[in-house]
Structure formats: C-alpha cells, structure tokens
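# Architecture and fold: a report
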Amino acid sequence: RADTIAADRAAMITRLENLGIDVCGPARAPFLLLKIPAAEEVRLKLRAEGIAVRRCDTFPGLAPEHLRVAVRAPGRVDVLVDALDRVLPRRRS
C-alpha cells in the first residue's frame, strides 16, 4: 500500500504543480501541504463543489495560504484538479 501511495503522491504533485500550485515538500505522508494565494476562498469554492480540503492556519507555523489535501488515486485527483482549475484565481500576465 505504501508503494501505491508513493506513486499516487508523485503523480498528484506533478498535476498540482502544473496548475501553478506550490506543493510544500519533501512529501512523505498520505497528504500534501499546498501553498495557494487566497487559500480560504479556494477552499470555500471547492467545498461548494463537494470537495473537502483542510485549512491549515490552525497548525503552528502554517499560515492562511496553506491547505492540506489527501493523496488519492488518479481518478479522484482528476476531480480535484478540474475543480482547482475552475476556482483558482487567474494569474495576470
């Protein structure tokens, strides 16, 4: 099971980074710590779409821009990545 989680985690990191999300690492747990501007807004928008992510501002040393997501299999990650693509604030060039 640990090998499966490690493979899923590595694939998930790549997909999140491709969205421009800062994935804090190195990651070894079955969850990932993300640093996202406007994280609370993103979290609430994801919740409205039925996707739960954990806020991290209650953890010592973490800030309001941190969110925690569970490592999931690729099919479930598709749902998260698609939703994040819709709700993330767009960067202006």
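These figures come from a predicted structure and were not determined experimentally.

Turning our attention to helix α3 (residues 74-87). Here α3 contains 14 residues, and its C-alpha end-to-end distance of 20 Å stays within 8% of the 20 Å for a straight helix at 1.5 Å per residue. Looking at α3, one finds that the buried residues are V77, L80, V81, A83, L84 and V87. When α3 is viewed along its axis, its buried side chains cluster within an angular range of 165 degrees and face the same direction.

Those residues of helix α2 (residues 39-48) that sit buried are A39, V42, R43 and L46. Buried positions in α2, seen along its axis, are confined to an arc of 100 degrees and lie on one side of it. Against the buried residues of α2 lie β3 (54-55), β4 (66-70) and α3. Immediately beyond the C-terminal end of α2, within one or two residues, lies G50, with a positive phi of roughly 85 degrees.

This part covers unusual backbone geometry. Residues G25 and P26 are joined by a peptide bond in cis, for which omega reads 5 degrees. For P26, the position within the fold is in the loop between β1 (22-24) and β2 (31-35). Look at A38: it is not a glycine, yet its phi comes out positive at around 60 degrees. Following the sequence through the fold, A38 ends up in the loop between β2 and α2.

Sheets are built from strands that pair by backbone hydrogen bonding, the pairs being arranged parallel or antiparallel. An order of β1-β2-β4-β3 is seen for the four strands of this open sheet, with the pairing classed as antiparallel. The sheet is open, and its two edges are formed by β1 and β3, each paired on a single side. Where β2 lies against β4, five bridges are found, and the strand directions are antiparallel. Looking across to β4, one finds that L33 is bridged to R68. Where helix α1 (residues 2-18) meets the sheet, it contacts β1, β2 and β4, and its direction lies at approximately 15 degrees from that of β2.

One finds L16, L32, L46 and L80 to be the most contacted residues of the largest nonpolar core, which totals 23 residues. Going through the elements one at a time, α1, β2, α2, β4 and α3 are the ones with two or more residues in this core. Setting aside its immediate chain neighbours within four residues, L32 contacts R9, M12, I13, L16, V23, A27, L67, R68, V69 and V71.

The rules we used
Residues numbered from 1 in each chain as written. Predicted model: local features only at pLDDT ≥ 70, side-chain atom pairs only at ≥ 80, totals over all residues. Heavy atoms only, no water. Helix = DSSP H or I, 4+ residues; strand = E, 2+ residues; numbered from the N terminus. Expected span 1.5 Å × (residues − 1). Buried < 20%, exposed > 50% of the residue type's maximum accessible area, 1.4 Å probe, protein only. Arc of directions from axis to C-beta. Contact = heavy atoms within 4.5 Å. Pairing = 2+ DSSP bridges. Axes fitted to C-alpha atoms, helices over the stretch in contact; angles between N-to-C directions. Core = buried A, V, L, I, M, F, W, Y, C linked by side-chain atoms within 4.5 Å.

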